[in-house]
Amino acid sequence: MIKCENLEKTYPLRKGQGFQALKGIQLNIGRGEFAAVTGPSGCGKSTLLNILGLLDNPGGGRYYFEGRDVSSFGDPERSRLRLEAVGFVFQSFNLLPRFSSLENVCLPMLYLGVEKEEAAARALALLEKVGLRGKQDNTPLELSGGERQRVGIARALANDPRLLLADEPTGNLDSRTGMEVMDLLRSLNAGGLTIIMVTHDQALARAASRTIRVRDGRIEE
Ligand code: ADP
């Protein structure tokens, strides 16, 4: 599903200098895996996730997504593939506060040109799938933290992605609610969805099928 060959990423700093955040990442992730990415703060996890999720291009090396060399893609081509193939779940949920659960889940579909009625019907089904039947009209403020993250997961599933990326998805939740969200991710993975999750929580990492340890821009799996 994913293959990284010697991925590098350098952030430009002042005076023509740069900071090398990724120093030659080699990584293969197969379809249907549930991989946890761990490592100390600043080791490059988010930088790696941004590249894997087609938000950013690597500075060097090759990134193959489903066999296609996406490191050579331009921004529009990469964004298009991201919208249809990748779903994102965030630590801070990133829901639009004035929009209902249903509208939040509809948005990625509307970006892809899905008709409003069709998007609403699918969003309703997704909210039901993540255990939020009856909460479609609530705005994020009218939901608990765990429920907000379920909306976030339903939104990530909106365009039926082949890859789900989650960056500390339980970081803002208490441990019991966090485990419930983790159970939901596991059931999605059991249904065949490939998941890559950044976490610093060893218990969560153990619940994944594989742990990828990053240290100082390199993988020490
Ligand atoms: P992690 O997610 O593991 O905490 P990041 O991928 O966010 O780490 O960052 C890796 C390193 O790259 C850190 O040392 C960070 O300071 C640096 N970095 C991240 N983003 C930028 C940026 N836009 N400009 C310069 N340095 C950055």
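Residues numbered from 1 in each chain as written. Predicted model: local features only at pLDDT ≥ 70, side-chain atom pairs only at ≥ 80, totals over all residues. Heavy atoms only, no water.

**Q** Would you mind showing me how to read the sheet that holds strand β3 (residues 34–38) here?
**A** The pairing of strands in a sheet happens through backbone hydrogen bonds and is either parallel or antiparallel. As summarised here, the arrangement of the six strands in space is β6-β7-β8-β3-β9-β10, forming an open sheet in which the pairing is mixed. If you trace the sheet from one side to the other, it starts and ends with β6 (86–90) and β10 (218–219), each paired once. Sitting on the sheet, helix α1 (residues 45–52) is in contact with β3, β7 (163–167), β8 (194–198) and β9 (210–215), with an inclination near 160 degrees to β7. In the packing of helix α5 (residues 145–156) onto the sheet, the strands contacted are β6 and β7, and the crossing angle to β6 comes to about 165 degrees. (Pairing = 2+ DSSP bridges. Helix = DSSP H or I, 4+ residues; strand = E, 2+ residues; numbered from the N terminus. Contact = heavy atoms within 4.5 Å. Axes fitted to C-alpha atoms, helices over the stretch in contact; angles between N-to-C directions.)

**Q** Where do I start with the site of the ligand in this structure?
**A** All residues adjacent to the ligand are Tyr11, Phe19, Ala21, Pro40, Ser41, Gly42, Cys43, Gly44, Lys45, Ser46 and Thr47. The contact in question runs from an oxygen atom of the ligand to an N or O atom on the backbone of Gly42, over 2.7 Å. In this structure, an oxygen atom belonging to the ligand sits 2.6 Å away from a side-chain N or O atom of Thr47. When the free accessible area of the ligand is taken as 560 Å², the share hidden by the protein chains comes to 62%. (Near = heavy atom within 4 Å. Polar contact = N/O pair within 3.5 Å; in protein donor to acceptor, adjacent residues only side chain to side chain. Areas by Shrake-Rupley, 256 points an atom, 1.4 Å probe, with all protein chains shown as cover.)

**Q** In this structure, what is going on with the pairing of β6? I would like to understand it.
**A** Looking down a regular strand, the side chains alternate between one sheet face and the other. Of all five residues making up β6, four are buried, and the element is well covered by its neighbours. Note that β6 and β7 share five bridges and pair parallel. When the sheet's bridge partners are listed, Gly87 is paired in β7 with Leu164. (Buried < 20%, exposed > 50% of the residue type's maximum accessible area, 1.4 Å probe, protein only.)

**Q** I'm lost on the side chain of Arg82 in this one. Help?
**A** Tracing the backbone shows Arg82 in helix α2 (residues 75–85). It is Asp75 that comes nearest to the buried, bridge-free Arg82 among opposite-charge side chains, at 7.4 Å. When near neighbours in sequence (up to four residues on either side) are disregarded, Arg82 contacts Gly53, Leu54, Leu55 and Phe88. (Lys, Arg positive; Asp, Glu negative; His and termini not counted. Salt bridge = Lys/Arg side-chain N within 4 Å of Asp/Glu carboxyl O.)

**Q** Just to check I follow, could you spell out the nonpolar core for this structure?
**A** One recurring pattern in soluble globular proteins: nonpolar side chains tend to sit buried together. Core analysis: the biggest nonpolar cluster contains 37 residues, and Val105, Ile153, Leu164, Leu185 and Met197 have the highest contact counts within it. When residues of this core are traced back to their parent elements, those giving at least two are β3, α3 (101–111), α4 (116–129), α5, β7, α6 (175–190), β8 and α7 (202–207). For this core, the element with the highest residue contribution is α6, accounting for five residues. Excluding residues within four positions of it along the chain, Leu164 makes contact with Gly87, Val89, Ala156, Leu157, Leu185, Leu193, Thr194, Ile195 and Ile196. (Core = buried A, V, L, I, M, F, W, Y, C linked by side-chain atoms within 4.5 Å.)

**Q** Mind showing me how you'd approach the pairing of strand β2 (residues 18–29) here?
**A** In this structure, strand β1 (residues 2–12) lies alongside β2, joined through nine bridges in antiparallel fashion. Pairing of Leu7 across the sheet is with Ile25, part of β2. Turn length for the β1-β2 hairpin, with the two strands adjacent in sequence and antiparallel, is five residues, and the turn residue Lys15 shows positive phi of about 60 degrees.

**Q** In this structure, what is going on with the sheet that holds β1? I would like to understand it.
**A** Strand order in the open sheet formed by four strands is β2-β1-β4-β5, with antiparallel pairing between adjacent strands. The sheet is open, and its two borders are formed by β2 and β5 (68–69), each paired with just one other strand. By the bridge criterion, five bridges tie β1 to strand β4 (residues 60–65) in an arrangement that is antiparallel. Paired with Lys3 across the bridge in β4 is Tyr64. Here α1 sits on the sheet and contacts β1, β2 and β4; the angle it forms with β1, its principal contact strand, is near 120 degrees.

**Q** Would you mind showing me how to read the environment of Gln149 here?
**A** By the secondary structure assignment, Gln149 is in helix α5. Linking Gln149 and Glu77, residues 72 residues apart in sequence, is a C-alpha distance of 29 Å. Not counting residues within four places of it along the chain, the set of residues in contact with Gln149 comprises Val89, Phe90, Gln91, Phe93, Pro169, Leu173 and Val181.

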